[in-house]
Amino acid sequence: MAVAGIPILENLYPATMDMWPIEAKEFNRIWPFYENLKQGRFTTTKCKNCGHVAYPPRVICPNCYSENLEYIDLPKKGKVIVFSEEVRGVPLGFESPLIHAVVDLGVDPVRRLLTRIVNCPAGVLKRGDEVQLSVFEIPAIPVEKGKAGTIMAERVFFAFEPVKK
Amino acid sequence: MARKAVILAGGQCKWGVREAHLVDLFQEAAKICLDDIPALKPKNIDGLIVASSYAGRCSFQVNTAPVVAERCGLKPTSICTRVDVLCAGGSTGIILAKGLVESGMADIIMVAGGEKLYTPQKWEVFYSELASVDHDWDGAQGMGLPPPFFALTAQEHMIHYGTKKEDLASVSVANYNYASTNPVAQMQKALTLEEAMNAPTVVPPLTLYDCCPITDGAAACIITTDEIAKKFTDRPLVYIRGTAQVCLNSVSANFPGTHLADWKHTKIAGEKAYSSAKVTPNDIKVAQTHDCFSISEVIEVEEFGFCKKGEGGQFCGSKQIEIGGKVPVNTDGGLLACGHPFGATGIRQGIEIMKQLQGRARHQVKDADIGLTHNLSGANAEHTVLIYGRTPVK
Ligand SMILES: [Zn+2]
């Protein structure tokens, strides 16, 4: 794969141009979130010291600064509070229609989660509709592993999709 | 006697799609800034604060301040640094400069902001915006470009307060018309309500004139103390009376309001700035609020107390933001029509307020003595307010 204008980048991976998170354990301490996502689980971190649930997940508790955290499951279904649909001029990397919604998953801190809605044609979604977690593959990236050489790190990401009635 | 910070001079280069390098734009702005105050020479300037967020991505240039200093012929000895707070970078530079000159750590600081966003292939401008929000969480949800987020905001304002599309359009009309005679604005065309109402859709309910453009440009201003300023100018002094910068969230999931049209952080920033400036909303004669989208200005006039919460649509729709209205807003054209090179915007706003308070603005507000500037940055993640006045805080 050639890079126009910059032939020296042929076949190289520029992390600075990657629209997705670098999820691999070697580069990200919240890698369990992405591993759980691969199992179809939507999770975040809860503090074992003070009980605070934070979203997105993190490596310290933002409330008491404890590092003693555990991953807990969040609801995977919720209701659309409000949504927007972009049909034309959708940015590179996303398909038309690009739909965003504020979704109520029914528990703190995800009563107003801002997420993308996928698998939904334009003009169909309504306020109050039920949506559910949708996990999909995103491109794997080459990670250098010393003597083991370069491995391809598989990745997934998530959005929400309408629940079929 | 206590040192009091003033904005002594300022200048903005032509904004738009510029056939120029980032450091060219900084040089243009620095020259126009010093042309505004002929007695001040580059050698008098002992500090430089550069505001630029996209230098690293779009010009492959980090550690930007020394490059800007060298190209502009500056040899700072007190401070030479860069700030990155996206849309609030310029205002942040002014806040920091105020602290530095009032404490005596610096005497005369140039605050220069600029962005070169258009690259040889246009896709990169839009793609790079994935860095403007929380990359891994909001960017990966397709929130890099802000129209969807502000479309949701506008919808919630309509749902909760009955705001109409005409109210949004009236903001675009006012700001475009202010800019129609501004030679450095990106958009210099008069706009009618009919044109604004019939413009192409971006993300409903937002249409073309509801959204600020992507802009190359730079601006620079000089922050010093009142006693030093008097040596260089006979113009009325414009004091930086009060400031606030509030950050309660970064990720959209932790938005502080009860809904997206309830901007608690904006309100807190306004109240803090009013109290540090010892003024009230009724004292504000002219304001430059962050009209990245028409809906933003509608909500800002509410949260800053120019009208009641929920009545921003009516306030803007009834021409209260125009000359002769209760608080003329974005009198040089705002972000909607001047354009929005992120780090330069707060400086552009400060320059317009300086000119208003000195009685030399293009659309002059009569007897303007107190003015406000405001930026929001990121996915509505931070709010920055400055209050300027003809007299210092007692
Ligand atoms: Zn805790």
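Not measured: the values here are computed from a predicted model. (Residues numbered from 1 in each chain as written. Chains lettered and ligands numbered in written order. Predicted model: local features only at pLDDT ≥ 70, side-chain atom pairs only at ≥ 80, totals over all residues. Heavy atoms only, no water.)

1. Quick notes on the domain arrangement of chain B
Residue and element names in this part refer to chain B.
Stage number 1. Domains assigned within chain B are domain 1 (5-122 + 215-229) and domain 2 (143-210 + 241-389).
Stage number 2. Buried area between domain 1 and domain 2, both sides added, is near 2600 Å², and the carbon and sulfur share of it is 66%.
Stage number 3. Counting the contacts that link domain 1 with domain 2 gives 1 salt bridge.
Stage number 4. Here Asp 36 ties to Arg 360 by a salt bridge, and the two come within 3.0 Å at their closest N and O atoms.
Stage number 5. The interface formed by domain 1 and domain 2 includes 10 residue pairs in polar contact (both at pLDDT 80 or more).
Stage number 6. For the side of domain 1 that touches domain 2, the secondary-structure elements that each account for two or more residues are β1 (5-12), α4 (89-103), β4 (109-115) and β7 (217-225).
Stage number 7. Here the element with the most residues in the side of domain 1 that touches domain 2 is α4; it accounts for 7 residues.
Stage number 8. Residues that form the side of domain 1 that touches domain 2 fall into these classes: 22 nonpolar, 12 polar and 5 charged. (Domains from an automatic or database assignment. Buried area = accessible area lost by both parts, 1.4 Å probe. Salt bridge = Lys/Arg side-chain N within 4 Å of Asp/Glu carboxyl O. Polar contact = N/O pair within 3.5 Å; in protein donor to acceptor, adjacent residues only side chain to side chain. Helix = DSSP H or I, 4+ residues; strand = E, 2+ residues; numbered from the N terminus. Nonpolar A, V, L, I, M, F, W, Y, C, P; charged D, E, K, R; others polar.)

2. Section: the coordination of the zinc ion
Stage number 1. Around the zinc ion, the protein supplies A:Cys47 (SG), A:Cys50 (SG), A:Cys61 (SG) and A:Cys64 (SG) as donor atoms, at distances of 2.3 to 2.4 Å.
Stage number 2. Sequence spacing of the donors to the zinc ion: C-x2-C-x10-C-x2-C. (Donors = N, O, S within 2.8 Å, 3.2 Å for Na, K, Ca; no water.)

3. Describing the sheet that holds strand β1 (residues 43-47) of chain A
Residue and element names in this part refer to chain A.
Stage number 1. Strand order in the open sheet formed by 3 strands is β2-β1-β3, and the pairing between neighbours is antiparallel. Edge positions in the sheet fall to β2 (53-54) and β3 (69-73), since each of these pairs with one other strand and no more.
Stage number 2. As defined by bridge partners, β1 adjoins β2 across 2 bridges and the pair is classed as antiparallel. In the sheet register, Thr 45 faces β2, and the bridge partner there is Ala 54. (Pairing = 2+ DSSP bridges.)

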